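# Structural overview for review
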Amino acid sequence: MDGKSNPGVPYDGMTDTWVKKHRLIYIGATRHPFILSIRDGTVDLSAFKRWLGQDYIFVRAFVPFVASVLIKAYKKGDESSGDMEVILSGLGSLNDEIAWFKQEASKWGVDLSQVAPEKPTQDYCGFLEELMRPEVDYTVAMAAFWAIEAVYQESFAHCLEEGSKTPIELQEACQRWGNDGFGRYCSSLRNIADRQLEKAASGSVPLVKVSEDAVSKAEVTFLRVLEYEVDFWNMSCGTDGHSAPKP
Ligand SMILES: Cc1ncc(CNC=O)c(N)n1
């Protein structure tokens, strides 16, 4: 999240400004106790299994959301931007990811066909549904897309840093979102979001009011993503009352 990871770009984009402005809630989502428990090796395996089942449901709902962003990118008609290629690569990884969830679930003895969505999962999937609507601006949808991926990337990369005690059997899960390739993919998403936000903010188009509206809507959407992510982690930990908290 610093200028260094963005060579040739002299100033921070809008997304960096948001992360700085809303730092505490951003840290709340990317350094959640569930993630810290994976990193220090104290994670409750039943919590991990609950996360696995719920995240499988989330990822299935995430696919049509990403497809809706692809449609918005296509409709913009700017072939030279390369946006469609980035989004399409995301859909490709989601294909692998769904296969991974099934394999991982069988490894842990989780029967995915028996997993019912809990309230935070339902709410988060409902939010994705809202964002899929055609009237939602590409800028707003891209900001959400970037934020959703960035939270996982930053969270799981933290579990793989030097000095972390992540249990060996959880390292593959952390690698999925914490690897450098996924980090570069998140940077590409961030660059698209920043470019769109920059365009909207500069009001180079005659619809200045509409554009400014997109920028503020995108910021609110970013914050909502962080809240849904925190609720999702809380549910995984069992700190939402669905199961007994850890002693
Ligand atoms: C709740 C949540 N947020 C973000 C991601 C990462 N995106 C796709 O895998 C995820 N799997 N689950």
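To be clear, the structure that these remarks concern was listed above.
Residues numbered from 1 in each chain as written. Predicted model: local features only at pLDDT ≥ 70, side-chain atom pairs only at ≥ 80, totals over all residues. Heavy atoms only, no water.

### A few points about the site of the ligand
Applied cut-off: Only a single heavy atom is needed: when it lies within 4 Å of a molecule or strand, its residue is near that molecule or strand. Polar contacts, as counted here, are pairs of nitrogen or oxygen atoms within 3.5 Å of one another; within protein the pair requires one atom able to donate a hydrogen and one able to accept it, and residues that are adjacent in sequence qualify only if both atoms are side-chain atoms. In this description, accessible areas are obtained by the Shrake-Rupley approach with a 1.4 Å probe, and a residue is regarded as covered only by the protein chains that are shown. The definitions used throughout rest on a 1 Å grid laid over the protein atoms alone, on which a cavity is an enclosed set of points accommodating a 1.4 Å probe that cannot get out and a pocket is an open set flanked by protein within 12 Å on both sides along at least five of seven lines; lining residues are those having an atom within 4 Å of a point. More than half of a molecule's atoms lying within 2 Å of a cavity's or pocket's grid points is what places that molecule inside it. The way it works is that DSSP assigns letters per residue, a run of H or I at least four long becomes a helix, a run of E at least two long becomes a strand, and they are numbered from the N terminus.
Taken together, the residues surrounding the ligand are Asp-55, Phe-58, Val-59, Phe-62, Glu-97, Tyr-124, Ile-148, Glu-149, Tyr-152, Trp-177, Glu-229 and Phe-232. The contact in question runs from a nitrogen atom of the ligand to an N or O atom on the side chain of Tyr-152, over 3.2 Å. At 3.2 Å, a side-chain N or O of Trp-177 approaches an oxygen atom of the ligand. Notes on the ligand: free accessible area 320 Å², of which the protein chains cover 100%. When atom positions are compared with the pocket grids, the ligand is found to occupy the largest cavity. Contributions of two or more residues to the shell around the ligand are made by α4 (45-76), α7 (138-158) and α10 (208-237).

### Regarding the environment of Lys-217
Applicable threshold: Working definition: with a 1.4 Å probe on protein chains only, accessible area under 20% of the residue-type maximum means buried, over 50% means exposed, and in between means partly exposed.
Examined against the element boundaries, Lys-217 turns out to sit in helix α10. Lys-217 sits in the partly exposed class, given a relative accessible area of 47%. Each C-alpha atom of the pair Lys-217 and Val-140 lies 6.6 Å from the other, and the pair is 77 residues apart in sequence.

### Quick word on the environment of Lys-165
This is how the line gets drawn: The criterion used for residue contact is that any of the two residues' heavy atoms lie within 4.5 Å.
Mapped onto the secondary structure, Lys-165 falls in the loop between α7 and α8 (168-178). For the pair Lys-165 and Arg-176, spaced 11 residues apart in sequence, the C-alpha separation works out to 17 Å. For Lys-165, the residues in contact, after removing those within four places along its chain, are Ile-38, Arg-39, Asp-40 and Gly-41.

### Observations concerning the pattern of salt bridges
Any two side chains of opposite charge can pair, on the condition that their charged atoms come close. The line we're drawing: A side-chain nitrogen of Lys or Arg and a carboxyl oxygen of Asp or Glu constitute a salt bridge if their distance falls within 4 Å.
In the structure shown here, the tally under the stated rule is 9 salt bridges. Linking Arg-195 and Asp-83 is a salt bridge whose minimum nitrogen-to-oxygen distance equals 2.6 Å. Residue Arg-195 is located in helix α9 (residues 180-202), and its partner Asp-83 is located in helix α5 (residues 83-108); the two are separated by 112 residues in the primary sequence. Here Arg-195 falls in the partly exposed class, since its relative accessible area comes to 28%. Residue Arg-224 pairs with Glu-130 through a salt bridge whose shortest N-O separation is 3.6 Å. Taken as a pair, Arg-224 in helix α10 and Glu-130 in helix α6 (residues 119-132) lie far apart in primary sequence, 94 residues in all. Classification of Arg-224 by relative accessible area gives partly exposed; the value is 30%. Accessibility expressed as a relative area gives 35% for Glu-130, which makes it partly exposed.

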